[in-house]
Amino acid sequence: MTAPAHVLVFRPIAERLRRRGHDVELTARDYSQTVELMRMHRIEATVLGRHGGANRLEKAMALAARTRAMRRFGKGRGFELALAHGSNDLALAAAMLRVPAANTFDYEFAVQQHNVGCRLARRVMVPDRIPAERLKRFGVGPDKLVQYPGLKEEYYLYDFEPDESALEALGVDRERVVVVFRPSPDVALYHRRANPLFPRVLDRLGNDTGVHAIVIPRTDAQSDYVRSLGLPSVIVPAGAVDAQSLIALADLAISAGGTMNREAVALGTPVYTTYGGRLGGVDEALIREGRLRPLTDPEAVEIRKRDSNGAHHLRDPNVLVDMFLDTPR
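> Would you take a moment to explain the overall build of the protein for this structure?
Each helix and strand counted, the protein has 13 helices and 12 strands in total. By the compact-globule yardstick of 20 Å for 329 residues, the protein fits well, its C-alpha radius of gyration being 20 Å. Overall, the protein is about 60 × 40 × 35 Å in size when its C-alpha atoms are taken along their principal axes. Counting every position in the protein, which comprises 329 residues, the buried fraction comes to 53%. Of the contacts formed within the protein by residues at least 6 apart in sequence, a portion of 62% connects residues at least 24 apart. Each charge sign in the protein was given a centre, from 46 positive and 41 negative side chains, and these centres are 8 Å apart.

Dropping the structure here:
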């Protein structure tokens, strides 16, 4: 698990694998709120290395160190299958140990990542909204590719019930318009340029007395930056939070990334994307369907209370478990 979202993705999968009698070991990279979320969900995992930051050389060195640690972790332990959501350290270590690997992701333009992970994997699992022809350049043909219906978020939220106390714990005034805001992934290689919309949207929301905007930062630097602005209507949590409950209970979500956008879609919360990179097939489809709205002007945000809960779109995680277990050995 290399990012906070992966804790949520693999929690129901690991649980169901164990229910079927399989032995499961989890590993994680210390990045953003990943380790905190594991503790929050009472998930035991071995932490192997850290994120390398925004510098390409440091990224490469961190990848090499994590791969060595992963190889040592797996050597001689009889693993029969390796599962990851775009983790190249796991892909490389699994290849060195000759362990069959399955790779899953839902954004097809992370080129450096997929040129490694897809080529080394024996199974590549992606949503059916990603055109198969976009993956051919990564060595993914029909013998390797399987596509699942819907969004990954619809599977891991299958048994989700929002915790009403999540807003109260942060001091949110529910009489105001409650907005959950996620900044851009500044350290991601596929999102190299700072997103200029972030400070503009933040300024509008943060100075509106009828709004309570919960900013869920990705890094400590983002937390420090947002707090330094002193915006009266902004709340920055001190650590990891139950983001899914916040999204389900909010009136609006705005995110420059992908996972939070799709969680909002799955949970029926109105959502804008401020993503500054190339849109992937999943977001393209959601925009066409009117379930995700692109945002280019802060003044275009409709700040209002929700009339009612939107329609939920949830799916059984056993569908993904069966696909993983079908990986060629």
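Let's pick the thread back up.
> Quick question: what am I supposed to make of the packing of aromatic side chains here?
Aromatic ring pairs: the centre-centre distance and the angle between the two ring planes describe each pair. For the coordinates displayed, the defined rule picks out seven aromatic pairs. Both rings, one in Phe73 and one in Phe79, keep their centres 6.1 Å apart while their planes meet at 20°; by these two values the pair is stacked. Taking relative accessible area as the criterion, Phe73 reaches 16% and is therefore assigned buried. Note on Phe79: relative accessible area 30%, which makes it partly exposed. Ring-pair connections join several aromatic residues into one group, and the members of that group are Tyr107, Phe109 and Tyr275. Here the basic side chain of Arg77 rests over the ring of Phe73, its NZ or CZ set 4.7 Å away from the ring centre. A cation over a ring is seen here: Arg293 above Tyr272, with NZ or CZ 4.3 Å from the ring centre.

> How do you make sense of the side chain of His114 when you look at a structure like this?
Inspection of the secondary structure assignment puts His114 in helix α5 (residues 111–120). Look at His114 and you get buried, because its relative accessible area is 0%. Looking at His114, its side chain comes within polar contact range of the main-chain oxygen of Tyr107, at 2.7 Å.

> Explain the pairing of strand β5 (residues 123–127) here, please?
Successive side chains on a regular strand alternate, one facing one side of the sheet and the next facing the other. β5 sits mainly inside the fold: five of its five residues count as buried. Pairing of strand β4 (residues 101–104) with β5 involves three bridges; the strand directions are parallel. Note that in β5 the partner of Thr104 across the bridge is Met125. Between the parallel elements β4 and β5, the chain passes through α5 in a crossover that is right-handed.

> What am I meant to see in the environment of Gly276 here?
Secondary-structure assignment places Gly276 in the loop between β11 (271–273) and α12 (281–288). When the C-alpha atoms of Gly276 and Leu229 are compared, they prove to be 22 Å apart, with 47 residues separating the residues in sequence.

> Explain the packing of helix α3 (residues 56–74) against helix α4 (residues 88–97) to me, please; I cannot follow it from the model alone.
To describe two helices that pack against each other, one gives the angle between their axes and the distance between the axes. Between α3 and α4, the shortest axis-to-axis distance is 8 Å and the interhelical angle comes to 45°. As judged from the angle between their axes, α3 and α4 are oblique. Like other packed secondary-structure pairs, α3 and α4 cross with a definite hand, here right-handed. Touching Leu63, Arg66, Thr67, Met70, Arg71 and Gly74 of α3 are Asn88, Asp89, Leu90, Leu92, Ala93, Met96 and Leu97, all from α4. Tallied by class, the residues present in the contact of α3 with α4 amount to seven nonpolar, three polar and three charged.

> Just to check I follow, could you spell out unusual backbone geometry for this structure?
Excluding glycine, residues mostly carry a negative phi; peptide bonds, for their part, are mostly trans. A positive phi angle, near 55°, is found at Arg42, a position not held by glycine. With respect to the secondary-structure elements, Arg42 resides in the loop between α2 (34–40) and β2 (46–50). For Arg98, which is not glycine, the phi dihedral falls at a positive 60°. Judged by relative accessible area, which is 74%, Arg98 ranks as exposed.

> Can you help me understand the sheet that holds strand β10 (residues 252–255) in this one?
Strand pairing in a sheet relies on backbone hydrogen bonds, with the paired strands running either antiparallel or parallel. Spatially, six strands are ordered β9-β8-β7-β10-β11-β12 in an open sheet, and the strand pairing comes out parallel. Among the strands making up the open sheet, the edge pair consists of β9 (234–235) and β12 (293–294). Where β10 lies against β11, three bridges are found, and the strand directions are parallel. When the sheet's bridge partners are listed, Ala253 is paired in β11 with Val271.

> Help me understand the packing of α4 against α5 in this model?
Their axes nearest at 9 Å, the elements α4 and α5 cross at an angle of 35°. Along this stretch, α4 crosses α5, giving a crossing that reads as left-handed. Note on element contacts: α5 touches α4 through Gln112, Gln113, Val116, Gly117 and Leu120, opposite Asn88, Ala91, Leu92 and Ala95. Among the residues forming the contact of α4 with α5, the class breakdown is five nonpolar, four polar and no charged.

Rules of the game
- Residues numbered from 1 in each chain as written.
- Predicted model: local features only at pLDDT ≥ 70, side-chain atom pairs only at ≥ 80, totals over all residues.
- Heavy atoms only, no water.
- Helix = DSSP H or I, 4+ residues; strand = E, 2+ residues; numbered from the N terminus.
- Rg over C-alpha atoms; globule rule 2.2 N^0.38 Å.
- Buried < 20%, exposed > 50% of the residue type's maximum accessible area, 1.4 Å probe, protein only.
- Contact = heavy atoms within 4.5 Å.
- Lys, Arg positive; Asp, Glu negative; His and termini not counted.
- Charge placed at Lys NZ, Arg CZ, Asp CG, Glu CD.
- Phe/Tyr/Trp six-rings, centres within 6.5 Å; stacked < 30°, edge-to-face > 60°.
- Lys NZ or Arg CZ within 6 Å of the ring centre and 35° of its normal.
- Polar contact = N/O pair within 3.5 Å; in protein donor to acceptor, adjacent residues only side chain to side chain.
- Pairing = 2+ DSSP bridges.
- Right-handed = clockwise from strand over helix to strand, strands pointing away.
- Axes fitted to C-alpha atoms, helices over the stretch in contact; angles between N-to-C directions.
- Parallel < 35°, antiparallel > 145°, perpendicular 65-115°, else oblique.
- Left-handed = near helix turned anticlockwise from the far one by under 90°.
- Nonpolar A, V, L, I, M, F, W, Y, C, P; charged D, E, K, R; others polar.

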